[in-house]
Amino acid sequence: MARIRRALADVPRAETPGEVPVERTYHRVHGDRSSAQTADLLAENLADYRAIVHRADTPSSPDTPSSLPALIARLLADRGATSVAVPPGLPDSWLSAVPDAVRRVPDTAELTPHDLDAVSSVVTGCAVAIAETGTVVLDAGPDQGRRRITLVPDHHICVIRVTDQVVGSVPEALERLDPARPLTWISGPSATSDIELDRVEGVHGPRTLEVILTGPESAGQS
């Protein structure tokens, strides 16, 4: 406390923090990367956190079908999913290739944790993804749903639009986010370690996180 008092000795008592501009000259982004290189860095860091990364193209022509629906259907089939949680604003086309036998579970207020625990998978979009940290941020937007649907099911498929949702750094991401919204920051599947450093996954969220990068910069299949 004495050191704090000495540091503030020349500050007028009536002065408030907002009256003094703070010079913020730190680097907002480290390096000069193209959009494709930023997407590659995101994929690398996501994989380093043990997320499973896939790529799907988004054709520029509406007459050319996207590979995204087929990829989502394959990932759910590989998982043996019998049900999938669906946010209210998820594009219908994303699940268009998923068989009707896979039950759609709408994100409603009536869903209980017990209900969600019985759901095989969840498919969502995201608010923003940060390449330098390999972080996906959800803000409970229409294509993401309530936070709980991405924390209880054991398998999460998250679709990221490279062109308009991937940024290089945390400062860039913060500029896009509303702090009043419920933000969930995800860096890989849920994991924790005990005192002996034994890694346990799936304790505080999904055990398996699969990320699909989609857009012109993500051409090519997983």
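Structure: see above.
Residues numbered from 1 in each chain as written. Predicted model: local features only at pLDDT ≥ 70, side-chain atom pairs only at ≥ 80, totals over all residues. Heavy atoms only, no water.

Quick look at the overall build of the protein chain now. Looking only at helices and strands, the protein chain has six helices and 12 strands in total. Restricting the contact set of the protein chain to residue pairs at least 6 apart, pairs at least 24 apart contribute 72%. When the accessible surface of the protein chain is summed, it comes to about 12500 Å², and 53% of that surface belongs to carbon and sulfur atoms. (Helix = DSSP H or I, 4+ residues; strand = E, 2+ residues; numbered from the N terminus. Contact = heavy atoms within 4.5 Å. Areas by Shrake-Rupley, 256 points an atom, 1.4 Å probe, with all protein chains shown as cover.)

Strands sit in the order S1-S12-S7-S4-S2-S3 across an open sheet of six strands; the sheet is parallel. The sheet is open, and its two borders are formed by strand S1 (52-56) and strand S3 (103-106), each paired with just one other strand. Averaged over all neighbouring strand pairs, the angle between strand axes comes to 25°, with direction disregarded. Pairing geometry for strand S2 (residues 83-86) and strand S4 (residues 121-124), over two bridges, is parallel. In the strand pairing of S4, alanine 85 is matched with valine 122. (Pairing = 2+ DSSP bridges. Axes fitted to C-alpha atoms, helices over the stretch in contact; angles between N-to-C directions.)

Before going further, it helps to examine helix H3 (residues 68-79). Compared with an ideal rise of 1.5 Å per residue, which puts 12 residues at 16 Å, H3 spans 17 Å between its outermost C-alpha atoms and is within 8% of the ideal. Taken residue by residue, H3 has Leu68, Pro69, Leu71, Ile72, Ala73, Leu75 and Leu76 as its buried positions. On its buried face, H3 is in contact with S1, S4, strand S7 (155-161) and strand S12 (208-214). At the C-terminal side of H3, glycine 80 shows a positive phi close to 75°. (Expected span 1.5 Å × (residues − 1). Buried < 20%, exposed > 50% of the residue type's maximum accessible area, 1.4 Å probe, protein only.)

On to the side chain of aspartate 107. Position of aspartate 107 relative to the elements: it lies in the loop between S3 and helix H4 (113-117). Accessibility expressed as a relative area gives 10% for aspartate 107, which makes it buried. Those residues in contact with aspartate 107 that lie beyond four places of it in its chain are Val86, Pro87, Pro88, Gly145, Arg146 and Ile149.

Glancing now at helix H2 (residues 35-48). Helical periodicity: at 3.6 residues per turn, an α-helix aligns residues three or four positions apart in one direction. For H2, spanning 14 residues, the distance from its first C-alpha to its last is 20 Å, which sits close to the expected 20 Å at 1.5 Å a residue. Inspection of H2 places Thr38, Ala39, Leu41, Leu42, Ala43, Asn45 and Leu46 among the buried residues, and these make up the whole buried set. Arginine 50 lies just past H2 and shows a positive phi near 75°.

Turning to its location among the elements, glycine 168 is positioned in the loop between strand S8 (166-167) and helix H6 (170-176). Glycine 168 gets classed as buried once you look at its relative accessible area, which sits at 7%. A C-alpha to C-alpha distance of 8.6 Å links glycine 168 and threonine 133, two positions 35 residues apart in sequence. Dropping the residues within four chain positions of it, glycine 168 is found in contact with Arg33, Thr38, Ile130, Ala131 and Glu132.

Worth remembering: the numbers are spatial, not functional.
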